[in-house]
Amino acid sequence: QVQLVESGGRLVQAGGSLRLSCAPSGLTLRSYSMAWFRRAPGKEREFVALISWLLNTNYTDSVKGRFTISRDNAKTAVYLQMNSLKPEDTAVYYCAAKDPYQNEYSYWGQGTQVTVSS
């Protein structure tokens, strides 16, 4: 059974940094593209960052230059380093896994709460 477990979310002041971690199990991480999404209060879930199985990365415009996605296939982990955090980054952050030959994300974590105070 595939599980994605996120951790690292907490309350932080604006301008601070956090590193979120995602620990997938039950899948071969190196074969999947991995992404982070977020859902802010009252808003729809939105894409944040992607790292493909070929290590290509992509970010939504609002986090470019502040967030960095990375992966460690040996440790079976995916990370999201978030710097210069803003109150508008407040959201539940979700890790997701996608077979590179599929259009949809197959697996999702339960989310971790990030709250940025002004």
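Residues numbered from 1 in each chain as written. Predicted model: local features only at pLDDT ≥ 70, side-chain atom pairs only at ≥ 80, totals over all residues. Heavy atoms only, no water.

Caption draft 1: Up close: the environment of Lys86. Within the element layout of this structure, Lys86 appears in the loop between strand E8 (77-82) and strand E9 (91-98). The partly exposed category is assigned to Lys86, whose relative accessible area is 35%. In this structure the C-alpha to C-alpha distance between Lys86 and Val12, which are 74 residues apart in sequence, comes to 9.5 Å. Contact partners of Lys86, with chain neighbours within four places excluded, come to Arg66 and Val116. (Helix = DSSP H or I, 4+ residues; strand = E, 2+ residues; numbered from the N terminus. Buried < 20%, exposed > 50% of the residue type's maximum accessible area, 1.4 Å probe, protein only. Contact = heavy atoms within 4.5 Å.)

Caption draft 2: Structural view of the nonpolar core. With 29 residues, the main nonpolar core has Met34, Trp36, Leu80, Met82 and Tyr93 as its most contacted residues. At the level of secondary structure, the elements contributing two or more residues to this core comprise strand E3 (18-25), strand E4 (33-39), strand E5 (46-51), strand E7 (67-72), E8, E9 and strand E11 (112-117). It is E9 that provides the largest number of residues to this core, a total of 4 residues. Counting 5 residues, the second-largest nonpolar core is a separate cluster that includes Ala35, Leu50, Ala96 and Tyr105. (Core = buried A, V, L, I, M, F, W, Y, C linked by side-chain atoms within 4.5 Å.)

Caption draft 3: Broad picture of the pairing of E4. For E4, the buried fraction is high: 6 of the 7 residues fall into the buried class. Bridging between E4 and E9 involves 7 bridges; their strand directions are antiparallel. Looking at E9, one finds that Arg38 is bridged to Tyr93. Joining the antiparallel neighbours E4 and E5 is a turn of 6 residues, in which Gly42 adopts a positive phi near 75 degrees. (Pairing = 2+ DSSP bridges.)

Caption draft 4: Summary view of the environment of Ser52. Relative to the assigned elements, Ser52 resides in the loop between E5 and strand E6 (57-59). Along the backbone, Ser52 and Ser33 are 19 residues apart, and their C-alpha atoms lie at a distance of 4.1 Å. A distance of 3.1 Å separates a polar atom in the side chain of Ser52 from the backbone nitrogen of Leu54. (Polar contact = N/O pair within 3.5 Å; in protein donor to acceptor, adjacent residues only side chain to side chain.)

Caption draft 5: Main features of the environment of Ser7. Tracing the backbone through its elements, the reader meets Ser7 in strand E1 (residues 3-7). With relative accessibility at 38%, the residue Ser7 sits in the partly exposed group. With 39 residues separating them in the primary sequence, Ser7 and Glu46 have C-alpha atoms 19 Å apart. Setting aside its immediate chain neighbours within four residues, Ser7 contacts Arg19, Leu20, Ser21 and Thr112.

Caption draft 6: Summary view of the sheet that holds E1. The 4 strands lie next to each other as E1-E3-E8-E7, forming an open sheet whose pairing is antiparallel. Looking at strand neighbours, the two that pair on one side only are E1 and E7, the edges of this open sheet. Going across the sheet, the axis of each strand differs from the next one's by a mean of 15 degrees, ignoring polarity. As paired elements, E7 and E8 share 6 bridges and run antiparallel to each other. Directly across from Ser70, in E8, lies its bridge partner Tyr79. (Axes fitted to C-alpha atoms, helices over the stretch in contact; angles between N-to-C directions.)

Remember that the coordinates give geometry; whether it matters functionally is a separate question.
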